[in-house]
Amino acid sequence: MIEPNLSVQVEAVIASISIQKGRLKLLIIKRAIAPFNESWCFPSGLVEFHETLELASERLLEHITGLAGGVLKSVSCYSQLDRHPEGRVIGQLLSLIHI
């Protein structure tokens, strides 16, 4: 069977966990746009056609949170067929390591 052309979107999901003054801190945001409007989530966004996943992650982190710097490390990939309401979206989870 020949599959139709498929456009795949990739999202960079950035998790930041740190311990400050003995307390665990997790970086999450409240979404301002649909889908999932007003839901708490990790900062994320779509990778643009001309970007690598790493460059997109750096851009998204600074754009969404104002944070810049640190090291992003790949943690996991999520590719379930029905995981996103906007179509075929593959999620790449990255961990932000503060240095």
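Our subject in this report is the structure included herewith. (Residues numbered from 1 in each chain as written. Predicted model: local features only at pLDDT ≥ 70, side-chain atom pairs only at ≥ 80, totals over all residues. Heavy atoms only, no water.)

Per the secondary structure count, the protein includes one helix and eight strands. For the protein, the α and β elements follow one another from N to C terminus as β-β-β-β-β-β-α-β-β. In the protein, once contacts between residues fewer than 6 apart in sequence are set aside, the share between residues at least 24 apart is 51%. Entry remark: accessible area of the protein is about 7,200 Å², with carbon and sulfur atoms responsible for 58%. (Helix = DSSP H or I, 4+ residues; strand = E, 2+ residues; numbered from the N terminus. Contact = heavy atoms within 4.5 Å. Areas by Shrake-Rupley, 256 points an atom, 1.4 Å probe, with all protein chains shown as cover.)

Our next topic: the layout of surface pockets. By volume, the largest pocket amounts to about 640 Å³. The wall of the largest pocket is formed by 27 residues, among which Glu11, Arg31, Cys41, Ser44 and Gly45 lie closest to the centre. Here the element with the most residues in the lining of the largest pocket is helix α1 (residues 53-65); it accounts for four residues. Among the residues making up the lining of the largest pocket, the classes are represented as 16 nonpolar, five polar and six charged. (1 Å grid on protein atoms, 1.4 Å probe; cavity = no way out; pocket = protein on both sides within 12 Å on 5 of 7 lines; lining within 4 Å. Points joined across faces, edges and corners; volume = space filled by probe spheres on them. Nonpolar A, V, L, I, M, F, W, Y, C, P; charged D, E, K, R; others polar.)

Attention now moves to the pattern of salt bridges. The full count for this structure, using the stated rule, is three salt bridges. Where Lys30 meets Glu38, a salt bridge forms, and the shortest distance between an N and an O atom there is 3.8 Å. Assessed through its relative accessible area of 41%, Lys30 is described here as partly exposed. The residue Glu48 makes a salt bridge to Arg59 at a minimum N-O spacing of 3.9 Å. Taken together, the positions of Glu48 in the loop between β6 (44-46) and α1 and Arg59 in helix α1 put the pair 11 residues apart, joining distant regions of the chain. What you see here is one network of salt bridges that share partners, running through Glu48, Glu51 and Arg59. (Salt bridge = Lys/Arg side-chain N within 4 Å of Asp/Glu carboxyl O. Buried < 20%, exposed > 50% of the residue type's maximum accessible area, 1.4 Å probe, protein only.)

Core analysis: the largest hydrophobic core is formed by seven residues, namely Ala12, Ile14, Leu27, Leu60, Leu61, Leu94 and Leu96. Of all elements in the fold, only β1 (9-15), α1 and β8 (89-97) reach the threshold of two or more residues within this core. Dropping the residues within four chain positions of it, Leu60 is found in contact with Ala12, Ile14, Ser44, Gly45, Leu46 and Thr65. (Core = buried A, V, L, I, M, F, W, Y, C linked by side-chain atoms within 4.5 Å.)

The next point concerns the pairing of strand β3 (residues 23-26). Relative to β3, strand β2 (residues 17-20) is paired through four bridges, and the arrangement is antiparallel. For Ile17, the partnering residue across the bridge sits in β3 and is Leu26. The turn linking β2 back onto β3 is made up of two residues, and Lys21 within it adopts a positive phi angle of 55°. (Pairing = 2+ DSSP bridges.)

Attention now moves to the side chain of Glu51. As for its position among the elements, Glu51 is in the loop between β6 and α1. Engagement of the side chain of Glu51 in a polar contact is seen with the backbone nitrogen of Glu48, the distance being 2.9 Å. A polar atom in the side chain of Glu51 sits 2.6 Å from the side chain of Arg59. Apart from the residues lying within four places of it in its own chain, the contact partners of Glu51 are Leu46, Ala56 and Arg59. (Polar contact = N/O pair within 3.5 Å; in protein donor to acceptor, adjacent residues only side chain to side chain.)

A contiguous nonpolar patch, built from Ile17, Ile19, Leu24, Leu26, Ile28 and Trp40 and spanning about 690 Å² of accessible area, is present on the exposed surface. Counting residues per element, the ones that place at least two in the nonpolar patch are β2 and β3. Mapped onto the elements, Trp40 comes out in strand β5 (residues 40-41). (Patch = residues over 30% accessible without salt bridge, like charges linked within 9 Å, V, L, I, M, F, W, Y side chains within 5 Å.)

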